[in-house]
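Secondary and tertiary structure notes
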Number of protein chains: 2
Amino acid sequence: MMWNELTEVQQQEVQRQLQIIKRGTAEIIPEDALKQKIVQAVVTGKPLKVKLGLDPSAPDIHIGHTVVLQKLRQFQDLGHEVQLIIGDFTGRIGDPTGKSETRKQLTEENVQHNAQTYQTQLSKILDFTKTTFYYNSSWLSALKFDDVLKLAGKVTVARMLERDDFAKRYAANQPIHVHEFFYPLMQGYDSVSLESDIELGGTDQTFNILMGRTLQGAYEMKEGQVAILMPLLEGLDGVQKMSKSLKNYIGIDEAPNEIFGKTMSIPDALMLKYYELTTAVSSEALQELREGLAAGSVHPRDAKLGLAKEYVRMYHGAEAAQEAEQHFITVFQKRALPEDIEEMPISVNLLEAGQISIIKLLVSLGLQTSNAQARRSIEQGAVKINEAKITNIHESLSPQDGDIIQVGKRKFVRIKLG
Amino acid sequence: MMWNELTEVQQQEVQRQLQIIKRGTAEIIPEDALKQKIVQAVVTGKPLKVKLGLDPSAPDIHIGHTVVLQKLRQFQDLGHEVQLIIGDFTGRIGDPTGKSETRKQLTEENVQHNAQTYQTQLSKILDFTKTTFYYNSSWLSALKFDDVLKLAGKVTVARMLERDDFAKRYAANQPIHVHEFFYPLMQGYDSVSLESDIELGGTDQTFNILMGRTLQGAYEMKEGQVAILMPLLEGLDGVQKMSKSLKNYIGIDEAPNEIFGKTMSIPDALMLKYYELTTAVSSEALQELREGLAAGSVHPRDAKLGLAKEYVRMYHGAEAAQEAEQHFITVFQKRALPEDIEEMPISVNLLEAGQISIIKLLVSLGLQTSNAQARRSIEQGAVKINEAKITNIHESLSPQDGDIIQVGKRKFVRIKLG
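For chain A, the name recorded in an unreviewed UniProt entry is Tyrosine--tRNA ligase, with Paenibacillus aceris as its organism. Its UniProt record, at the heading Catalytic activity (unreviewed entry), says of chain A: "tRNA(Tyr) + L-tyrosine + ATP = L-tyrosyl-tRNA(Tyr) + AMP + diphosphate + H(+)".

In structure tokens form, the structure reads like this:
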């Protein structure tokens, strides 16, 4: 279909879809083909089939996973259909060598349970009227040896050894077992079976997804699927890819306060990336936020509060979001203090009408050695009572049991009247 | 079983078997295990299962193939049993990439027909009371994808790439398709299925046969099969491995005269190897022949006539052997002449009482330019009529239609009286 054969409305629709789909992507291979497929969909009214493979052994979805899920949702909002493949065939086999920790064999029951969990969690992000679940055992377990050989005949060993992890292991003389070549082949064959138009994944899935494109071509489909590769999201540590095993994740099924608190701990530098890739915030709002942060008119902490609130809203609703924010402010204040603060008695005899000057208090508690030193600390803003900074050197207080007096970053005492 | 636990008779029997089995072998891996297996067989009276795989696409057996077949026959003569595997599963698949000429897909009918041919031909060498034929499709076509993955999980990619041809192709950036890894795996799995004790093959089969040993171990058999590797037999050219495609072979199903003639064309240097590896001539007789040739008391041509006659006897019987020898002597003489000899008319007017002198004949036919030259040629022994050397310069002949006159190595004419 030539571009010029489209009506202007159709052209605009294609452009609109392309723009939305491209947002935040790391790579689209090949981009031409994506455009061509959208043109086809717009002209024929036939939705595209957009595929995502799910690991049957890890059903706890975290914010890192939602990068691709949000993209799928965008496709659905544009009228396209989503194919979710539960890789139960692979899961049921486990690791034939018995050496891999991450490829434990799953029972039928495990798989069923994990699939249930997926459905519950994914319903929070995807439009289930445009989502179909598949188990790849439906077609893979039916393959016989000769079918498998046919499949294996479509690719070369050299191509396989180009996959990053294989290349590294081969170079380092670490064993790669022959069956491992079949994981990408199976994933690719799923695309052949389902005639997917597009497959989504993180950039670490590039090889596997392009395998689907190759295999579709080899099994004589006119054109192979398009790979849409999303950036990997760094976890709370700001460095490593978010993953359950590294414990640097925010699970979408976690309690509101957990989600909120964890979100507040992400490094400022990553905030815009999280916004762009894992929320439905519009491109315009995102641009505004980006400019606000750059100009200093938006405080990073406020932007992060907004993100945390948005996550809780997405996965637990607006009310829970409100509550979590409130809870966080309280908890956060407590958290700013060390866990075990020494209790220090202060004689009521020192009080005059229940009051004591701040300087006298600091010296009496032994937090400062002289009035002059106490005064300097206050002037430097280093003195806080119950997290509130004291700025007036003449301040008089009514100390209560449990009040926390802080000087600098390290000195804390808890008052005990006696 | 410890050697000392055997009776003396048993020890002698083991030694006898070992000696016969080792004759002519290129390598036995591992040799210890072979001895152990023979001990076991001698003590328990349970015959060993000795396996050979047959290529289902090439049923024409030639002398090169008989190297392993003779070894199998020796095993049978020692009381052991032979497992012949027709690799029909592989044959029916052909080459999934469609690129290999040598892996054409065979129909059920082809396979049946080829198996028939094998049986007919092999019955000339093997003892069919101790031979069982198997089709490897019986177990391989029943494997499903998960079985295949289990099989592939037993070996590493690096091990596969150690196979000589794979290593070379990989280094030269020539494609190796992933399914090719399965040819050795299938061959090895055959040994697992049949619980073979020993597998025979040429040295070019070392990798594949050791794969059977590995897989038997991996599928938890106590000890893997022993590989007995036979030298490759050079063909008629004396350089390349005997093979049908190189047309340097002697087929055992060829006509007696063909077998005889081809055998006479093998280089002298290979004769003893042929004797040792492809005939049932005893080790003593072989030793005698070796010494006779070395001492010059046996002429290589006679030894070769003996070999040729033995082949015809083995594959067509004693009478045919006698006839072929006779025929060869005749044919060989004809063969010394070129195929298309120019016919030259000679006028009967030149004859006197039907006769002509040899010198006049040579000059008249234009084979020599002068009487002096003709005389010199005769004196040098360069002139022949019908293969018989003319030595008398005064000889007178009665030429007949079709007589062949030869001068030197290159000049021939056929006489046409006119």
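1. Here's the deal with the sheet that holds strand E5 (residues 198-202) of chain A
Residues and elements named next belong to chain A. On the basis of which strands lie adjacent, the open sheet formed by 6 strands has the order E1-E6-E5-E2-E3-E4 and mixed pairing. Of all the strands in the sheet, just strand E1 (27-29) and strand E4 (131-135) have a single pairing partner and so form its edges. Taking the axes of each pair of neighbouring strands and ignoring which way they run, one obtains an average angle of 25° across the sheet. Where E5 meets strand E6 (residues 226-230), 5 bridges bridge the pair, whose relative direction is parallel.

2. Thoughts on the side chain of Arg-23 of chain A
All names here are of chain A. Summarising the element assignment, Arg-23 is placed in the loop between helix H1 (8-22) and E1. Among buried charged residues, Arg-23 stands out as having no salt bridge; its nearest opposite-charge side chain is Glu-276, 4.7 Å away. Contact partners of Arg-23, with chain neighbours within four places excluded, come to Lys-71, Met-230, Tyr-275, Glu-276, Thr-279, Val-281, Ser-282, Ser-283 and Leu-286.

3. A short note on the pairing of strand E12 (residues 404-407) of chain A
When a strand is regular, its side chains alternate between the sheet's two faces. Residues and elements named next belong to chain A. Of the two faces of E12, the one carrying Ile-404 and Gln-406 and the one carrying Ile-405 and Val-407 are both buried. As judged from the 4 bridges shared by E12 and strand E13 (residues 411-417), these two strands associate in the antiparallel manner. The partner of Ile-404 across the bridge, within E13, is Arg-414.

4. Remarks on the sheet that holds strand E12 (residues 404-407) of chain B
With mixed pairing, 5 strands are arranged side by side in an open sheet as E7-E13-E12-E9-E10 (chain B). Each edge of the sheet is formed by a strand with only one pairing partner; in this case those strands are strand E7 (343-346) and strand E10 (388-389) of chain B.

5. Examining the relation of the copies chain B and chain A
Overlay of chain B on chain A (RMSD 1.6 Å): rotation 176°, translation along the axis 0.3 Å. The superposition of one copy onto the other is thereby described by a two-fold rotation axis. Identified as the residue of chain B closest to the rotation axis by C-alpha distance is Lys-144 of chain B, at 1.2 Å.

6. Thoughts on the pattern of salt bridges
Residues and elements named next belong to chain A. Summed over all chains, the structure comprises 40 salt bridges over all chains. A salt bridge links Lys-51 to Glu-199, with the nearest nitrogen and oxygen atoms 2.8 Å apart. In this pair, Lys-51 is assigned in strand E2 (residues 49-54) and Glu-199 in strand E5, connecting sequence segments 148 residues apart. The pair Lys-51 / Glu-199 is uniform in exposure class, with both members buried. In this structure, Asp-127 engages Lys-130 in a salt bridge whose closest nitrogen and oxygen atoms are separated by 3.8 Å. Taking the relative accessible area as the measure of exposure, Asp-127 reaches 17% and is therefore buried.

7. So, the interface of chain B and chain A
If you look at the interface, chain B gives 32 residues, while chain A gives 32 residues. Here chain B and chain A share an interface that buries about 2700 Å² over both sides, 80% of which is from carbon and sulfur atoms. Counting across the interface, chain B meets chain A through 0 salt bridges. Of all elements in the fold, only helix H4 (88-93), helix H7 (145-152), helix H8 (157-160) and helix H10 (182-194) of chain B reach the threshold of two or more residues within the side of chain B that touches chain A. A total of 7 residues in the side of chain B that touches chain A trace back to one element, the largest contributor, which is H7 of chain B. Among the residues forming the side of chain B that touches chain A, the class breakdown is 22 nonpolar, 6 polar and 4 charged.

8. Regarding the domain arrangement of chain A
Domain annotation for chain A reports domain 1 (3-230), domain 2 (256-335) and domain 3 (343-417). Taking only C-alpha atoms into account, the centre of domain 1 of chain A sits 63 Å from that of domain 3 of chain A.

9. Brief notes about the packing of helix H3 (residues 63-77) of chain B against helix H15 (residues 300-316) of chain B
All names here are of chain B. Closest axis-to-axis distance for the H3/H15 pair is 14 Å, and the angle between their directions is 70°. Relative to H15, the element H3 is oriented roughly perpendicular. Contact residues: H3 offers Ile-63, Thr-66 and Gln-70, while H15 offers Tyr-311, Met-314 and Tyr-315. Its residues assigned to classes, the contact of H3 with H15 shows 4 nonpolar, 2 polar and no charged.

10. Overview of the pairing of E12 of chain B
Residue and element names in this part refer to chain B. The sheet contact formed by strand E9 (residues 383-385) and E12 spans 3 bridges and is antiparallel. Directly across from Lys-384, in E12, lies its bridge partner Gln-406. The antiparallel hairpin formed by E12 and strand E13 (residues 411-417) contains 3 residues in its connecting segment, where Gly-408 sits at a positive phi of about 65°.

11. Focus on unusual backbone geometry
Residue Pro-30 of chain A follows Ile-29 of chain A across a cis peptide bond; omega there is -15°. Structurally, Pro-30 of chain A can be placed in the loop between E1 and helix H2 (31-44). A positive phi is found at Lys-247 of chain B, a non-glycine position, where the angle reads about 60°.

Reading the values: the criteria
- Residues numbered from 1 in each chain as written.
- Chains lettered and ligands numbered in written order.
- Predicted model: local features only at pLDDT ≥ 70, side-chain atom pairs only at ≥ 80, totals over all residues.
- Heavy atoms only, no water.
- UniProt positions renumbered as here; feature names shortened; annotations may be inferred.
- Pairing = 2+ DSSP bridges.
- Helix = DSSP H or I, 4+ residues; strand = E, 2+ residues; numbered from the N terminus.
- Axes fitted to C-alpha atoms, helices over the stretch in contact; angles between N-to-C directions.
- Buried < 20%, exposed > 50% of the residue type's maximum accessible area, 1.4 Å probe, protein only.
- Lys, Arg positive; Asp, Glu negative; His and termini not counted.
- Salt bridge = Lys/Arg side-chain N within 4 Å of Asp/Glu carboxyl O.
- Contact = heavy atoms within 4.5 Å.
- Least-squares fit on C-alpha atoms with pLDDT ≥ 70 in both.
- Buried area = accessible area lost by both parts, 1.4 Å probe.
- Nonpolar A, V, L, I, M, F, W, Y, C, P; charged D, E, K, R; others polar.
- Domains from an automatic or database assignment.
- Parallel < 35°, antiparallel > 145°, perpendicular 65-115°, else oblique.

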